[in-house]
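Coordinate analysis (summary)
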Amino acid sequence: MRIELKDENTEEITEEKEPELKDKHESDLTGKEKRELERQKLQSMNFTGKLQYIWAYYKAHIFVLIGIIVLIFIVKDTYNNAKIKTALSIMVIDSAGSDYEENQQKIEEVLGVQDDPYQEVGIDESLHTDTTGEELDAYGQMAFVAKIQAKSVDVLILPEAFYEKLEESEYFEDLNELLGDEVYNSFGDSIDSHHITFTYEELGEQFGTIYEPVCVAVLINSEQKENAAAWIASLVK
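So, here is what we can say about the structure in this document. Keep in mind it's a predicted model, so treat the numbers as computed, not measured.

Let us now look at the overall build of the protein chain. In terms of helices and strands, the protein chain carries nine helices and five strands. Across the protein chain, the fraction of contacts at a sequence separation of at least 24, relative to all contacts at a separation of at least 6, is 61%. Here the protein chain has roughly 16200 Å² of accessible surface; of this, 51% comes from carbon and sulfur atoms.

This is the structure:
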């Protein structure tokens, strides 16, 4: 039997131990090693520490993600709004405020669009006359002209004094032609060629007006004259 003795002068060869990830320079780490190092760091922290760490190192990514989400919602809303059409737009002058949703729902039912998500009735109560009641205030005059020129108003509900001022400018549609003889004659003495008058109880209370009589007229450049005629026909006493 042969026994070999270890030479004391022979250096013992040992494997060099791989340094731990935390001891490596960041530039020497592979992508996989970087992810593993991040995981190890997070595991060693408590909940508060993890939140602080994530915020410190990833807040830019968080803001980018939030921005992308907000942008998606904006694009979605813009797309959906672009598909919505106004079935009828009513401007109420000198309104003290009304139940907008109830009025909107009633008119949509008259027009038969209550179940169509892409058709709606608009009611604008933002404009008011000055102290004379015959003209709009400074802001109202500019807004009124802009809305009329943009053809964004179909029906006007307004005080009689203001109507008489506007009538001279030929703003209004011929109601006899628009409504037809049967509906036109149904209003009796309360209608003339360009407007219909109602009492406060008949219409003013519904739209929150502060005057009587309440005048209703259709703009001559309205793009929804058929719907305007249908709604007016529903007001026959």
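Further remarks concern the environment of His195. Within the fold, His195 resides in the loop between helix 7 (181-186) and strand 4 (196-198). A relative accessible area of 8% means that His195 is categorised as buried. For the pair formed by His195 and Glu160, sequence separation is 35 residues and the distance between their alpha carbons is 9.6 Å. With near-sequence residues (within four places) excluded, His195 lies in contact with Glu160, Tyr163, Leu175, Ser190, Cys215, Val216 and Ala217. Side chain to side chain, His195 and Tyr163 meet in a polar contact 3.3 Å long. A distance of 2.9 Å separates the side chain of His195 from the side chain of Asp192, its partner in a polar contact.

This part covers the nonpolar core. Among the nonpolar cores identified, the biggest contains 30 residues, and Ile107, Ile157 and Trp231 are the most heavily contacted of them. If we skip the residues at most four places from it in the chain, Trp231 touches Leu88, Ile90, Ile107, Val110, Leu111, Val155, Ile157, Phe207 and Val216. Formed by 17 residues, the second largest nonpolar core is a distinct cluster that contains Leu127, Phe144, Leu158 and Cys215.

Take the side chain of Ser95 next. In this structure, Ser95 sits in the loop between strand 1 (85-92) and helix 3 (100-111). Note on Ser95: relative accessible area 6%, which makes it buried. Separated by 3.0 Å, the side chain of Ser95 and the backbone nitrogen of Gly97 make a polar contact. One polar contact links the side chain of Ser95 to the main-chain carbonyl oxygen of Phe207, over a distance of 2.8 Å. When near neighbours in sequence (up to four residues on either side) are disregarded, Ser95 contacts Glu125, His128, Phe207, Gly208 and Thr209.

Geometrically, a packed helix pair is captured by the angle between its two axes and the distance between the axes. Interaxial distance between helix 3 and helix 9 (residues 225-233) falls to 9 Å at its minimum, and their mutual angle equals 105°. Here helix 3 is positioned roughly perpendicular relative to helix 9, judged by the angle of their axes. For the pair helix 3 and helix 9, contact is made by Ile107, Val110 and Leu111 and by Asn227, Ala230 and Trp231, respectively. Taken together, the residues of the contact of helix 3 with helix 9 break down into five nonpolar, one polar and no charged.

What counts as what
- Residues numbered from 1 in each chain as written.
- Predicted model: local features only at pLDDT ≥ 70, side-chain atom pairs only at ≥ 80, totals over all residues.
- Heavy atoms only, no water.
- Helix = DSSP H or I, 4+ residues; strand = E, 2+ residues; numbered from the N terminus.
- Contact = heavy atoms within 4.5 Å.
- Areas by Shrake-Rupley, 256 points an atom, 1.4 Å probe, with all protein chains shown as cover.
- Buried < 20%, exposed > 50% of the residue type's maximum accessible area, 1.4 Å probe, protein only.
- Polar contact = N/O pair within 3.5 Å; in protein donor to acceptor, adjacent residues only side chain to side chain.
- Core = buried A, V, L, I, M, F, W, Y, C linked by side-chain atoms within 4.5 Å.
- Axes fitted to C-alpha atoms, helices over the stretch in contact; angles between N-to-C directions.
- Parallel < 35°, antiparallel > 145°, perpendicular 65-115°, else oblique.
- Nonpolar A, V, L, I, M, F, W, Y, C, P; charged D, E, K, R; others polar.

All quantities given are derived from atomic positions and should not be read as evidence of function.
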